[in-house]
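# Residue-level structure breakdown
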Amino acid sequence: MAGRRAARAAGTLRFVLGDQLHRRVSSLTDLDPDRDVVLLVEVEAEATYVRHHKQKIAFLFSAMRHFADELRAEGVAVDYVRLDDAGNSGSFTGELERAVARHRPDRVVVTEPGEWRVHEMMQGWRDDLALPVEIRDDNRFLCPRAEFAAWAGDRRSLRMETFYRGMRRRTGFLMEGAEPVGGQWNFDAENRRRLPKGHVPPRRPGFAPDAITRAVIDLVAARFPDHFGDLDGFAWPVTRSDALEALRHFVAECLPTFGDYQDAMQAGAPFLYHALLAPALNAGLLTPEEVCRAAERAYREGSVPLNCAEGFIRQILGWREYVRGLYWARMPDYARTNALRATRDLPWFYWSGETPMNCLAHVIRDTRAHAYAHHIQRLMVTGNFALIAGIEPAQVEEWYLVVFADAFEWVELPNVHGMVLWADGGVMGSKPYAASGAYIDRMSDYCGSCAYDVKRKAGPRACPFNYLYWNFLIENEDRLSGNPRLAMPYRTLAKMDARRRGEIAADAARFLDGLSAQARAPEGQLALGLEP
Ligand code: FAD
Ligand code: DLZ
Ligand code: SF4
């Protein structure tokens, strides 16, 4: 195996997971190239514990192989186990045990993982391997877990905005002394524009697959043919230098307009002004600090307006750090709640994209093609539908963990369980983000060519988001009507007569019964048409 040293008594075996690909990750900080061995492993269990999008597996394997080559170029001994290597046991634990037998190290050093599942596995290594296993804090975030836990305490609800202000003060990003630059913490009021007709967004920076990526794409196509997603068009940055180039491109071409069109959606334009940096950030190719610094520098130099720089920095310094802190502060119980008691099966069209609902069809097909959808598509299209149709949280969570190249449980779970589905009963968000078709119509061009009519409220041709929204409020009246942030819709509901309520319930039942029939059907067997 390329780069593997003959068996010898090594110093430290440093096990780097596939999303820890940074040279200064805590497990490598005191690396001694003369004595230590770095272990990276491609394993079946990680690729299949959910059936990840093919591009996600290809992205991580390629990034891992490139990272191993960069370490070797530094003179570091790397033991890299490929998926198709003879004897590959298929699991982290099996491969660590085999590597310990090969190298006979004094100790093992790892950085804590991004998922509870792997955290549990690591505790087992401490108990079962007959040598010391040091699990170090993950230094790839700006807010250490202990600091977040101290902030969170045992409060029932944890608001991002409060956390974000604390992070601004502590890190000094966009601060003038003790005050936020521009006199405001948040400029979101300026960030809600729809794309003008005929507007052409910048091109996505493409990173054409090199020989390593091409080999990995072939491997993934052969080994995981049944997984969701296309491999054609793979264009993710897989090295640190490509990721830095993606960051440079974003700051120069997209950030000056990022805030303005952050919530906009357009058919055939999945990327708009978004950064496309989450896979690189989550795999360790970029650090959140350098990304925030690049955005702040562009603002200070005058090439990016404040609403855009602040809006972007808030996503990284605020939301990203916040969901990670919340995940570790509240797991494992966090994943188990189902506050709205949603039990419906995930409709099959989440995999096939075959639905007459044009917004969902576009977002799901884009996701299949690119392992990507932007935030508002995730929140207000696939997320909103799952919320108001009452889909069971665990099934929705699995879908989100599968389909995006940037999905790891520490970030996926709070966003889906908390922000989208309100399954945590309000730990994360003060109210569910339920919305009717009017929101999608306002922020996109999907409705104009949809088989449904977004203006109609009732009947088979009406946009399903319209009656499902009211049906959601009716079905959850006992749980949500006391929420002050939902006072307005519940006042409107109170004015509806019994006939209108009955009409909503009948439309919703007809539509949802149709969905249940499709829920588990195999892909390709359904010719979905409009309900009669
Ligand atoms: P941009 O829109 O350009 O934003 C810039 C960066 O901000 C992102 O790269 C990301 O690092 C960070 N960011 C923005 N919003 C969030 C957020 N809510 N939580 C954490 N980081 C954020 N992000 C993931 O990285 N992995 C996921 O699995 C994931 N699942 C999501 C599921 C749902 C239902 C929702 C609503 C959001 C989810 N997000 C997730 C957050 C966000 O949608 C993605 O980070 C973003 O779309 C990635 O694309 P981008 O890099 O172009 O981001
Ligand atoms: C997502 C993933 C996949 C598909 N494959 C691997 C792998 O073969 N080897 C590896 O080290 N990591 C992989 N990962 C990422 C891990 O699942 C990730 O490190 C954990 O989710 C973090 O807890
Ligand atoms: Fe989506 Fe409704 Fe608009 Fe169709 S009419 S695109 S279903 S919001």
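Residues numbered from 1 in each chain as written. Chains lettered and ligands numbered in written order. Predicted model: local features only at pLDDT ≥ 70, side-chain atom pairs only at ≥ 80, totals over all residues. Heavy atoms only, no water.

### Concerning the site of ligand 3
The local shell around ligand 3 consists of Met357, Asn358, Cys359, Gly437, Ile440, Tyr446, Cys447, Cys450, Tyr452, Val454, Cys463 and Phe465. Only helix H13 (358–370) and helix H17 (437–443) provide two or more residues apiece to the shell around ligand 3. Of the residues contributing to the shell around ligand 3, the split by class is 10 nonpolar, 2 polar and no charged. (Near = heavy atom within 4 Å. Helix = DSSP H or I, 4+ residues; strand = E, 2+ residues; numbered from the N terminus. Nonpolar A, V, L, I, M, F, W, Y, C, P; charged D, E, K, R; others polar.)

### Brief notes about the side chain of Glu290
Relative to the assigned elements, Glu290 resides in helix H10 (residues 288–300). Among the polar contacts made by the side chain of Glu290, one reaches the main-chain amide nitrogen of Thr287 at a distance of 2.8 Å. If sequence neighbours within four positions are ignored, Glu290 has contacts with Arg240, Leu244, Leu247 and Leu285. (Polar contact = N/O pair within 3.5 Å; in protein donor to acceptor, adjacent residues only side chain to side chain. Contact = heavy atoms within 4.5 Å.)

### What about the pattern of salt bridges?
A side chain with one charge may pair with a side chain of the opposite charge, provided their charged atoms come close. Within the structure shown, the criterion is met by 37 salt bridges. Among the salt bridges present, the one from Arg117 reaches Glu46, with a minimum N-O distance of 2.8 Å. In this pair, Arg117 is assigned in helix H4 (residues 116–128) and Glu46 in helix H1 (residues 44–48), connecting sequence segments 71 residues apart. Judged by relative accessible area, Arg117 falls into the partly exposed class, the value being 27%. With a relative accessible area of 17%, Glu46 lands in the buried category. Each member of the salt-bridge network shares a partner with another, and the members are Arg14, Asp30, Asp36, Arg107, Glu134 and Arg136. (Salt bridge = Lys/Arg side-chain N within 4 Å of Asp/Glu carboxyl O. Buried < 20%, exposed > 50% of the residue type's maximum accessible area, 1.4 Å probe, protein only.)

### What about the pairing of strand S5 (residues 133–136)?
Of the pairings in the sheet, the one linking strand S4 (residues 107–111) to S5 comprises 4 bridges and is parallel in character. Residue Thr111 lies in a different strand from S5, and its bridge partner there is Arg136. What joins S4 to S5 is H4, and the crossover it makes is right-handed. (Pairing = 2+ DSSP bridges. Right-handed = clockwise from strand over helix to strand, strands pointing away.)

### Let's talk about the site of ligand 1
His274, Ala275, Leu276, Tyr372 and Asn415 are the nearest of the 29 residues found near ligand 1. One nitrogen or oxygen atom from the side chain of Asn282 is found 2.9 Å from an oxygen atom belonging to ligand 1. Gln315 places a side-chain nitrogen or oxygen 3.3 Å from a nitrogen atom of ligand 1. Notes on ligand 1: free accessible area 810 Å², of which the protein chains cover 99%. Looking at the shell around ligand 1, the elements that each hand over two or more residues are helix H9 (278–283), helix H11 (306–330), helix H14 (375–388) and helix H16 (409–420). Looking at side-chain class alone, the shell around ligand 1 contains 19 nonpolar, 6 polar and 4 charged residues. Three or more residues apiece are contributed to the shell around ligand 1 by two domains, here domain 2 (145–213 + 233–330) and domain 3 (349–516). (Areas by Shrake-Rupley, 256 points an atom, 1.4 Å probe, with all protein chains shown as cover. Domains from an automatic or database assignment.)

### Here we look at the sheet that holds S5
Adjacent strands of a sheet pair through backbone hydrogen bonds, lying either parallel or antiparallel. One open sheet holds the 5 strands; their spatial order is S3-S2-S1-S4-S5, and the pairing between them is parallel. On the outer flanks of this sheet lie strand S3 (77–81) and S5, each paired with one strand and no other. Each adjacent strand pair in this sheet contributes to an overall mean axis angle of 25°, direction not counted. Packing against the sheet, H4 makes contact with strand S1 (12–15), S4 and S5, and its axis sits at approximately 150° to S5. (Axes fitted to C-alpha atoms, helices over the stretch in contact; angles between N-to-C directions.)

### What about the domain arrangement of the chain?
Taken domain by domain, the chain comprises domain 1 (12–136), domain 2 (145–213 + 233–330) and domain 3 (349–516). The C-alpha centroid of domain 3 is placed 25 Å from the C-alpha centroid of domain 2. Between domain 2 and domain 3 lies a buried interface of about 2,900 Å² when both sides are counted; carbon and sulfur atoms form 63% of it. On the domain 2 side of the contact with domain 3, Arg194, Met265 and Tyr327 bury the most area, a combined 25% of that side's loss. On the surface where domain 2 and domain 3 come into contact, there are 13 residue pairs in polar contact (both at pLDDT 80 or more). At the level of secondary structure, the elements contributing two or more residues to the side of domain 2 that touches domain 3 comprise H9 and H11. (Buried area = accessible area lost by both parts, 1.4 Å probe.)

### Structural notes on the packing of helix H8 (residues 240–258) against H10
Think of two packed helices as two axes; the pair is described by the angle between the axes and how far apart they sit. Contact geometry of H8 with H10 gives a least axis separation of 11 Å together with a crossing angle of 30°. When the interaxial angle is binned, H8 and H10 end up roughly parallel. For the crossing formed where H8 meets H10, the hand is right-handed. Contact residues: H8 offers Arg240, Leu244, Leu247, Val251 and Leu255, while H10 offers Glu290, Val291, Ala294, Ala295 and Ala298. (Parallel < 35°, antiparallel > 145°, perpendicular 65-115°, else oblique. Left-handed = near helix turned anticlockwise from the far one by under 90°.)

### Looking at the packing of aromatic side chains
The tally for this structure, following the rule as stated, stands at 29 aromatic pairs. Among the aromatic residues, those joined into a ring-pair cluster are Phe349, Tyr350, Phe385, Trp399, Tyr400, Phe404, Phe465, Tyr467 and Phe511. Sitting above the plane of the Trp151 ring, Arg155 keeps its charged end 4.7 Å from the centroid. Of note, Arg378 hangs over the ring of Tyr372, and the distance from its end group to the ring centre comes to 5.7 Å. (Phe/Tyr/Trp six-rings, centres within 6.5 Å; stacked < 30°, edge-to-face > 60°. Lys NZ or Arg CZ within 6 Å of the ring centre and 35° of its normal.)

### With respect to helix H6 (residues 160–171)
Because each turn of an α-helix spans 3.6 residues, side chains separated by three or four positions end up pointing in the same direction. Helix length check: H6, at 12 residues, gives a terminal C-alpha distance of 16 Å against a target of 16 Å (1.5 Å per residue), a fit within 8%. For H6, the full list of buried residues reads Met160, Phe163, Tyr164, Met167 and Arg168. The buried residues of H6 occupy one face: seen down the axis, they fall within an arc of 140°. On its buried face, H6 is in contact with helix H5 (145–152), strand S6 (175–176), strand S7 (179–180) and H11. Looking one or two places after H6, you find Gly172, whose phi comes out positive at around 85°. (Expected span 1.5 Å × (residues − 1). Arc of directions from axis to C-beta.)

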